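# Summary of the model geometry
One letter stands for each residue in the lines below.
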Amino acid sequence: MSSIVADHDALLTPGEVAAKFRVDPKTVSRWGRTGALTSVKTPGGHRRFPESAVRAFLAAEMPEAVA
């Protein structure tokens, strides 16, 4: 696992992140691919998103959603 992810930080799937932002999972994968949202790849090649990075991204994009 990458050093950008804390050992205790949960990893979310694109579908889980998409539900938080109300977007398509492919949009979330694109954010990860372009670097807009921090992601790691599993050994199987699947993209996962550290929960802390998702919270920070959500706060930046939708400050009223994070209370």
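Definitions and cut-offs
- Residues numbered from 1 in each chain as written.
- Predicted model: local features only at pLDDT ≥ 70, side-chain atom pairs only at ≥ 80, totals over all residues.
- Heavy atoms only, no water.
- Helix = DSSP H or I, 4+ residues; strand = E, 2+ residues; numbered from the N terminus.
- Buried < 20%, exposed > 50% of the residue type's maximum accessible area, 1.4 Å probe, protein only.
- Contact = heavy atoms within 4.5 Å.
- Areas by Shrake-Rupley, 256 points an atom, 1.4 Å probe, with all protein chains shown as cover.
- Pairing = 2+ DSSP bridges.
- Axes fitted to C-alpha atoms, helices over the stretch in contact; angles between N-to-C directions.

## With respect to the overall build of the chain
The number of helices and strands found in the chain is three helices and three strands. Going from N to C terminus, the chain has its helices and strands arranged as β-α-α-β-β-α. Across the 67 residues in the chain, those meeting the buried criterion constitute 33%. Pairs at least 24 apart in sequence give 46% of the contacts found in the chain among residues at least 6 apart. With an accessible surface of roughly 4,500 Å², the chain has 51% of that area assigned to carbon and sulfur atoms.

## Focus: unusual backbone geometry
Even without being glycine, Arg-22 reaches a positive phi, approximately 60 degrees. Among the structural elements, Arg-22 can be located in the loop between helix H1 (14-21) and helix H2 (25-34).

## Brief notes about the environment of Pro-14
By the element assignment, Pro-14 lies in helix H1. Residue Pro-14 is classed as buried on the basis of its relative accessible area of 14%. Those residues in contact with Pro-14 that lie beyond four places of it in its chain are Pro-25, Val-28, Ser-29, Arg-47, Arg-48 and Phe-49.

## Concerning the sheet that holds strand S3 (residues 47-50)
Across the sheet, which stays open at both edges, the three strands sit in the order S1-S3-S2 with antiparallel pairing between neighbours. If you trace the sheet from one side to the other, it starts and ends with strand S1 (11-12) and strand S2 (40-41), each paired once. Pairing analysis gives two bridges linking S1 to S3, with the strands arranged antiparallel. Directly across from Leu-11, in S3, lies its bridge partner Pro-50. Sheet strands touched by helix H3 (residues 51-61): S1 and S3. Its angle to S3, the strand with the most contacts, is close to 70 degrees.

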